[in-house]
Amino acid sequence: MIYLDNAATTYPKPQSVQRAVTEAFRRYGANPGRAGHSMAMAASEEIYRCRSAAADFFHAQGPECVAFTLNCTHAVNYVLKGLLRPGDHVVISCLEHNAVVRPVHALAENGVTFTEARVFPGDNDATVNAFRDAIQENTKLVLCTHASNVWGIRLPVGRIAALAHQYGIPMAVDSAQSAGVLPIHMEEDGIDYLCAAGHKGLYGPMGTGMLITSHGSGLATVIEGGTGTESMMPEQPSGMPERLESGTQNMPGIAGLRAGIEFVKKRGPEKIFLHEIRLLRSLHAALSSMEGVVLYTPAPDPKYFAPVLSFNLAGLPSETVGRELSRYGVAVRAGLHCAPAAHRFMGTLEIGAVRVCPSAFSTMADINGLIAALKKIRMKNYERMH
Amino acid sequence: MGKPVIVIGSVTYAMKGRSILARYGIRSSVERIYRSTNVRGCGYGIYAPQRTDEAERILRREGIPVSGRTTRGPRS
């Protein structure tokens with residue numbers, strides 16, 4: 001199989017990740033952060049190694065700033081619902097995934113208002129201005145994606161954070177598509193809340209994510225429960241990371257995530273990024289010269305794009321193309337990608353698009369295989385396309 | 001007299017504290033603390049058999065939330 005659905009979940013996982021997960025079942029089979037026996041302590045040490053690796057990778061203040069979540073969606077929910085109250089306003093972008101849009105709409109039913117700032121691909125000044133225009137007196141949070149999960153369009157999150165801070169507003173970033181792919185420096189970029197997926201560009205197992213913040217103690221909790229600390233008290237502990245981590249942790253997943261972060265660090269995130277961009281630029285060039293292909297974005301310029309490319313074959317529903325590609329052994333994601341806002345922005349809300357996203361393991365042969373399959377699909381559906 | 005353990009609460013902060021103390025050449029280990037009069041329930045602490053007072057001062061200075069002292073033992 002040619003796997004190009006890495007924007008959803010990276011596959012395959014590095015050998016080191018697979019080994020770490022297996023090892024965790026063997027060596028860390030007890031609850032971390034609970035008991036004091038040797039296996040529980042060993043499990044706690046492994047969790048701590050992952051926290052330290054993540055804090056170091058994203059330049060967070062320390063390992064205590066890393067709270068493990070099930071995925072990026074959970075982290076986003078923790079921020080939005082932990083910070084916003086009736087009467088508050090939040091600024092998001094026009095390219096958000098439903099991970100942001102849906103909790104914001106749920107909050108809107110309880111008196112929170114929001115504004116979608118327009119993004120201008122390739123013009124960061126205009127994008128920042130749009131965010132400035134969206135800020136209101138009661139804005140309590142700016143939250144936006146770092147890179148569109150459909151179009152790969154990058155948002156200048158460092159500049160947006162600087163703008164938000166001018167008004168005393170905290171900045172949260174949904175880095176589902178960028179963590180492990182684009183450089184993220186929480187301190188330099190001024191990111192107060194970083195929401196990350198573990199199973200995408202960080203090559204960890206599914207069911208892993210993180211909320212990284214030094215402001216976690218100030219968040220109202222969405223979930224309360226056992227933390228292994230302050231057990232006499234009925235209130236949720238205020239300290240991080242326990243405040244945001246109730247119940248037993250995903251020990252094997254976190255062990256795998258640690259190995260994934262180390263894999264990315266060792267290989268070099270910039271090297272991985274440029275490799276993926278190079279593959280997509282080749283694909284873009286091939287698709288540009290192929291009759292009947294509808295492209296929505298220019299050849300991905302690394303300054304403005306993450307390695308995600310979506311397109312359509314004229315006259316064919318994106319889902320049909322996705323299904324046909326699957327028959328040829330090519331795995332992509334077709335449809336709306338849980339991001340109707342991003343499709344509305346590009347005028348593809350009715351038809352969706354076919355999304356391609358390579359990984360560190362993708363090759364030029366994979367891209368050529370995709371192009372060959374698309375040519376066959378085009379030939380087969382010639383009449384429908386004309 | 002039991003051996004003093006610096007009560008931290010969070011296992012994460014306890015491990016961070018251990019790393020900090022190592023930088024100062026103070027050997028320590030992280031231990032589970034069960035119910036104690038010093039803490040609000042179970043949690044974790046740092047056992048630093050030598051230079052304990054200095055260790056506690058360093059931890060406080062470095063922002064580790066120290067909540068007191070207890071003594072080492074299975075149900076201290």
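Whatever comes next refers back to the structure up there.
Residue positions are given per chain, counted from 1 along the sequence in the order it is written. Ligands are numbered from 1 and chains lettered from A, in the order in which they are written. In keeping with the model being predicted, local features are shown solely for residues with a pLDDT of at least 70 and side-chain atom pairs are shown and tallied solely at 80 or more, while totals for entire chains, interfaces and linings include all residues.

Could you clarify how one ought to interpret the packing of helix α2 (residues 38-58) of chain A against helix α8 (residues 251-267) of chain A in this entry?
The packing of two helices is summarised by the inter-axis angle and the distance between the axes. Residues and elements named next belong to chain A. Axes here mean lines fitted to C-alpha atoms, for a helix over just the part in contact, with angles spanning 0 to 180 degrees between N-to-C directions. Numbering of helices and strands starts at the N terminus; helices are DSSP runs of H or I of at least 4 residues and strands are runs of E of at least 2. Running from N to C, α2 and α8 cross one another at 35°; their axes reach a closest spacing of 9 Å. Considering the relative orientation of α2 and α8, their crossing is left-handed. In this structure, α2 contributes A43, E46, I47, R49, C50, A53, A54 and F57 to the contact, and α8 contributes M251, I254, A255, L257, R258, I261, E262 and K265. In terms of residue class, the contact of α2 with α8 is built from 11 nonpolar, no polar and 5 charged. The sense of a crossing depends on the near helix, which, turned anticlockwise from the far helix by less than a right angle, makes the crossing left-handed and, turned clockwise, makes it right-handed. Here contacts are defined at the residue level, using C-beta atoms placed from the backbone and a cut-off of 7 Å between them. In this classification, Asp, Glu, Lys and Arg are treated as charged, Ala, Val, Leu, Ile, Met, Phe, Trp, Tyr, Cys and Pro as nonpolar, and every other residue, Gly included, as polar.

Explain the sheet that holds strand β4 (residues 68-71) of chain B here, please?
Residues and elements named next belong to chain B. Here we have 4 strands laid out as an open sheet, ordered β2-β3-β1-β4, and antiparallel in their pairing. The open sheet has two edge strands with one neighbour each: β2 (29-33) and β4. Strand-to-strand twist of the sheet, defined as the mean angle between neighbouring strand axes without regard to direction, takes the value 45°. Whether two strands pair depends on DSSP finding at least two bridges between them. In the sheet, β2 pairs with strand β3 (residues 43-47) via 5 bridges, with the strands oriented antiparallel. Paired with R32 across the bridge in β3 is Y44. Of the strands in this sheet, β1 (4-9), β2 and β3 are in contact with helix α1 (residues 11-23), which crosses β3 at around 15°.

Help me understand the interface of chain B and chain A in this model?
In many analyses, interface size is given as the accessible surface area lost on bringing the parts together. Listed per partner, the contact involves 14 residues of chain B and 18 residues of chain A. When residues of the side of chain B that touches chain A are traced back to their parent elements, those giving at least two are α1 and β2 of chain B. Ranked by residues supplied to the side of chain B that touches chain A, first place goes to α1(B) with 5 residues. Here the side of chain B that touches chain A is composed, by residue class, of 5 nonpolar, 5 polar and 4 charged.

Shape is all these values report; function is a separate question.
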